[in-house]
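The primary structure of each chain is shown beneath.
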Amino acid sequence: MIDINELAHRIISEKINVNVSVDMTSGNGHDTLFLARLSDHTYAFDIQTVAIESTRTLLENNNQTNVTLINDSHEKILNYVKEKIDAAIYNLGYLPGSDKTVMTNSISTVNSLDHLISILAEEGIIVIVLYPHNPEEIAAVVEYTSKLSPSYDCMEHKILNKESAPFLITIKSNKKC
Ligand SMILES: C[S@@+](CC[C@H](N)C(=O)[O-])C[C@H]1O[C@@H](n2cnc3c(N)ncnc32)[C@H](O)[C@@H]1O
């Protein structure tokens, strides 16, 4: 069985030089830790203090000190990140084992994506993990990525015979080509 989070990490691992990365939804910190191990510096956003603290603990337990944790919405990314971004992950939805009413939504996700793309490096990559329980958010992300300029390659990675499985959308800048 394909582990979609592992696939997301594998796709990002193909990038050789990752100076700056962003975890747009830090949650329990698994994606943040993965990015931090790959990057010179990582930024991680979450609107929930409990998520930021959970991420902090995971990073400390793994002696990872190159992360800036930001307890704010990813929509505010341009207030915090001034460098070009080589790699970013969204893991949409709610924090596992926590309040399921606090979840990502189509408006803030697409707004943040628009800001993130404005600072994406040449050949930078964004990987988005989407869950079928939020069809409105899926529709918004698919619409947004389908209309991006051809200087980005937007792909869907989906298990066709498992309707309820999470899936990925990747956005790769090909501005150097
Ligand atoms: C599926 S969890 C992320 C899992 C995480 N990446 C991990 O490795 O454990 C989704 C997270 O998105 C966060 N979130 C929801 N809306 C957000 C927003 N506007 N900005 C940043 N984080 C948000 C939630 O608080 C939740 O922790």
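Here, every reference points to the structure presented above.
So, how was this worked out
Residues numbered from 1 in each chain as written. Predicted model: local features only at pLDDT ≥ 70, side-chain atom pairs only at ≥ 80, totals over all residues. Core = buried A, V, L, I, M, F, W, Y, C linked by C-beta atoms within 7 Å. Buried ≥ 20, exposed ≤ 12 C-beta atoms within 10 Å, placed from the backbone. Helix = DSSP H or I, 4+ residues; strand = E, 2+ residues; numbered from the N terminus. Contact = placed C-beta atoms within 7 Å. Axes fitted to C-alpha atoms, helices over the stretch in contact; angles between N-to-C directions. Parallel < 35°, antiparallel > 145°, perpendicular 65-115°, else oblique. Left-handed = near helix turned anticlockwise from the far one by under 90°. Nonpolar A, V, L, I, M, F, W, Y, C, P; charged D, E, K, R; others polar. Near = placed C-beta within 6 Å. Expected span 1.5 Å × (residues − 1). Arc of directions from axis to C-beta. Pairing = 2+ DSSP bridges. Right-handed = clockwise from strand over helix to strand, strands pointing away.

Asker: Talk me through the nonpolar core; I want residue IDs and the actual numbers.
Answerer: A general tendency of soluble globular proteins is for nonpolar side chains to be buried together. By size, the foremost hydrophobic cluster in this structure holds 36 residues, and its most contacted members are Ile85, Ala88, Ile89, Ile126 and Ile128. Residue contributions to this core peak at 7 residues, all from strand E5 (residues 120-130). Here Ile128 is in contact with Tyr90, Leu92, Val141, Leu168 and Ile169, once residues within four sequence places are set aside.

Asker: Tell me about the packing of helix H5 (residues 106-118) against helix H6 (residues 135-146), and name the residues and values.
Answerer: Contact geometry of H5 with H6 gives a least axis separation of 9 Å together with a crossing angle of 25°. It follows from the interaxial angle that H5 and H6 lie roughly parallel. Considering how the two elements wind past one another, H5 and H6 form a crossing that is right-handed. Between H5 and H6, the contacting residues are Ser106, Thr109, Val110 and Leu113 on the first element and Glu136, Glu137, Ala140, Val141 and Tyr144 on the second. When grouped by side-chain class, the residues that make up the contact of H5 with H6 number 5 nonpolar, 2 polar and 2 charged.

Asker: If you had to explain the site of the ligand to someone new, which residues and values would you point to?
Answerer: Around the ligand, the structure places 23 residues, and the nearest of them are Thr25, Gly27, Asn28, His30 and Leu95. By residue class, the composition of the shell around the ligand is 7 nonpolar, 13 polar and 3 charged.

Asker: Requested: an account of H5, with residues and values cited.
Answerer: Taking 1.5 Å of rise per residue, the 13 residues of H5 would be expected to cover 18 Å, and the 19 Å separating its terminal C-alpha atoms lies within 8% of that figure. Among all positions in H5, only Thr109, Ser112, Leu113 and Leu116 are buried. End-on view of H5: buried residues confined to an arc of 110°, all on one side of the axis. Of the exposed residues in H5, those oriented more than 90 degrees away from the buried face are Ile107 and Ser118. Those residues of H5 that are buried lie in contact with helix H4 (77-80), strand E4 (85-91), E5 and H6.

Asker: Tell me what's going on with the pairing of strand E1 (residues 20-23), and back it up with residues and numbers.
Answerer: What you see with E1 is no split at all: Val20 and Val22 on one side and Ser21 and Asp23 on the other are buried throughout. Bridge count between E1 and strand E2 (residues 41-45): 4 bridges; the pairing is parallel. Looking across to E2, one finds that Val22 is bridged to Tyr43. Handedness of the crossover is the feature at issue here: the chain leaves E1, passes through helix H2 (residues 30-38), returns alongside E2, and the resulting connection is right-handed. As paired elements, E1 and E4 share 3 bridges and run parallel to each other. What sits directly across from Asp23, in E4, is Ile89.

Asker: For the sheet that holds E2, give the residues involved together with the corresponding values.
Answerer: Across the sheet, 7 strands lie side by side as E3-E2-E1-E4-E5-E7-E6; this open sheet has mixed pairing. One side of each edge strand has no neighbouring strand; the edge strands of this open sheet are strand E3 (67-70) and strand E6 (152-157). Between one strand axis and the next, the sheet turns through 10° on average, direction left out of account. Relative to strand E7 (residues 167-173), E5 runs antiparallel, the two sharing 6 bridges. By the bridge assignment, Val129 is partnered in E7 with Leu168.

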